[in-house]
Amino acid sequence: MQVVWEMLSDQKIWALLGDVNRTIDKDVIRLMFIELFSRLKALEEENLALRVLLIEEGLVNQELFNSFKEAVHDFLQMKGEQAARESDFFAKSGVSFPEWVNFKLNGQFSKPIEQ
């Protein structure tokens with residue numbers, strides 16, 4: 001039950017996901033999907049509201065909106081390809097998965113020695 005309370009904090013979620021040696025039970029996975037889905041739905045609602053405001057209020061025409069949307073799509077595709085190259089590099093480098101996760105979360109390959 002303590003894990004449920006830990007789900008209330010993004011920092012706790014990242015720590016939970018970042019610990020590759022810890023198994024995550026089905027209930028925790030279900031809670032994470034519920035949280036993810038609720039955030040996705042909120043984002044979808046905000047996105048639609050902003051789109052309607054921009055276009056319906058005449059602040060941006062449909063053509064300009066579509067060109068920006070395409071530019072963002074291209075940018076995100078480029079970032080995705082860059083992330084794929086990075087993952088491929090680390091996979092081929094011999095760095096273990098736990099070390100890679102630690103690097104992605106903390107910017108270093110090993111945890112500092114606590115004194």
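Everything below is about the structure shown above.
Residues numbered from 1 in each chain as written. Predicted model: local features only at pLDDT ≥ 70, side-chain atom pairs only at ≥ 80, totals over all residues. Heavy atoms only, no water.

Caption draft 1: Broad picture of a nonpolar patch on the surface. Among the surface-exposed residues, V72, F75, L76 and M78 lie close enough to one another that they form a single nonpolar patch of about 400 Å² accessible area. By the secondary structure assignment, V72 is in helix α4 (residues 62-93). (Patch = residues over 30% accessible without salt bridge, like charges linked within 9 Å, V, L, I, M, F, W, Y side chains within 5 Å. Areas by Shrake-Rupley, 256 points an atom, 1.4 Å probe, with all protein chains shown as cover. Salt bridge = Lys/Arg side-chain N within 4 Å of Asp/Glu carboxyl O. Helix = DSSP H or I, 4+ residues; strand = E, 2+ residues; numbered from the N terminus.)

Caption draft 2: Representation of the environment of Q108. Here Q108 is to be found in the segment after α5 (97-106). A relative accessible area of 33% places Q108 in the partly exposed class. Leave out the neighbours within four places in its chain, and Q108 touches E99, N102 and F103. (Buried < 20%, exposed > 50% of the residue type's maximum accessible area, 1.4 Å probe, protein only. Contact = heavy atoms within 4.5 Å.)

Caption draft 3: Region of the structure containing the pattern of salt bridges. Counted under the stated rule, the structure contains four salt bridges. Between E35 and R39 there is a salt bridge whose closest N-O contact spans 2.6 Å. Of this pair, E35 and R39 both sit in helix α3 (residues 26-56), separated by four residues, roughly a single helical turn. On the basis of relative accessibility, which here comes to 29%, the residue E35 falls in the partly exposed class. Using a relative accessible area of 40% as the deciding quantity, one classes R39 as partly exposed.

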